[in-house]
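Survey of secondary and tertiary structure
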Amino acid sequence: MPRPLTVAVVAGAAFLTRRAMRRRIQASPLWPMPALDEPVSGRPRSRALRLLVAAREEVAEGVVQLRLEGRDLPGWAPGAHLDLVLPSGLVRQYSLCGDPADTSSYTVATRLVADGRGGSREVHEQITEGMELEVRGPRNRFPLVEAPSYVFVAGGIGITPVLSMVRALPDGARWRLLYCGRTRESMPFLKELEALDQVTAVVGAPELDALDVPEGAAVYCCGPEGLMAAVEERFPQVHLERFTPRAAAPGTAFEVELRRSGRTLTVPADSSVLAAVRAELPNTLYSCEQGFCGTCRQRVLEGEVDHRDELLTDGERADSMLICVSRSRSERIVLDM
């Protein structure tokens, strides 16, 4: 096991001071943070914007950062993410890791996943400075709650939502960050984080048993599924941000009525509602097929939904579902299609 590296305090040019960041965020009408089912800045969360890729920079081995510029952009709070509509039409979600007080730009970063489903490769190989991209959001399913202290655990690209959180904490806040990665070169923003004495950087698997979590502390984790599963096992109260869906639980077959189309379909136990619907209605929109983007969201008229997405709020789940991953708890469900 590599020895944990405890970092020292130095002046970080790439950071605002935490005091300056706190003043800028708390001066914003977005502070305190909105509830999960509230739009920010009074604008619908589904609003699409066309933004300029003003800067593209490799901030770590295999990690590209994009700065997207526009005017009077919807505000956001730490933990929020954007939907990027890529040139191919794929929709992918990336955590915001810039300055919440900046209303002229958004900053996101993505790691290249060579054996992934194509989104990260498209960002790395096709997105260049000067292009325009469509974005939707911001949305926040990972808000920073008030707590007497905080413990953050981040793995690799999972540092992106955590970065905005540690920057936003007020002076005097009690917090620790355990940041791990495969190599130092693969860990984005490592040099900036090494300016803070509350950060421990580890190359390799972290020793979670040695992690000191004070009573009442809010625990946040983002990173590979294995890391999050290990943290959740030790600290069940943890707040998690996932980039990939949980492994699907076994399902059973059920019927789906498409009310407006006048069709009734059977969804097998080993298939999805989306697959069954597209066999009858091939023009049905979809993108991520993992319950993150919301493209396939449909209104539910009858039936009990087994929600398996990572996007919808409790309020939105009352009458809608993402048909790429969610299923029916009842023998029959009726969709407004």
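An account of the accompanying structure is given in this report. What you see is a predicted model, and the numbers here were worked out from it, not measured in a lab.

Now for helix α5 (residues 225-234). Helical geometry: 3.6 residues make up each α-helical turn, so side chains three or four residues apart lie on a common side. Listing the buried residues of α5 in full gives L227, M228 and V231. The buried residues of α5 occupy one face: seen down the axis, they fall within an arc of 95°. For α5, the exposed residues set more than 90 degrees away from the buried face come down to G226 and E233. The elements touched by buried residues of α5 are β8 (149-155), β9 (174-181), β11 (218-222) and β12 (239-241).

Time to look at the sheet that holds strand β4 (residues 81-85). Read from one edge of the open sheet, 6 strands run β5-β4-β7-β2-β3-β6, paired in antiparallel fashion. Two strands lie at the open edges of the sheet, namely β5 (91-95) and β6 (105-111), each paired on one side alone. On average, each strand axis in the sheet is inclined to that of its neighbour by 40°, with strand direction left out of account. The pairing of β4 with strand β7 (residues 132-139) spans 4 bridges and is antiparallel. For V85, the partnering residue across the bridge sits in β7 and is E134. Running at roughly 115° to β6, helix α2 (residues 119-126) makes contact with β2 (48-60), β3 (63-69), β5 and β6 of the sheet.

Here is what the cut-offs are and how they apply
Residues numbered from 1 in each chain as written. Predicted model: local features only at pLDDT ≥ 70, side-chain atom pairs only at ≥ 80, totals over all residues. Heavy atoms only, no water. Buried < 20%, exposed > 50% of the residue type's maximum accessible area, 1.4 Å probe, protein only. Helix = DSSP H or I, 4+ residues; strand = E, 2+ residues; numbered from the N terminus. Arc of directions from axis to C-beta. Contact = heavy atoms within 4.5 Å. Pairing = 2+ DSSP bridges. Axes fitted to C-alpha atoms, helices over the stretch in contact; angles between N-to-C directions.

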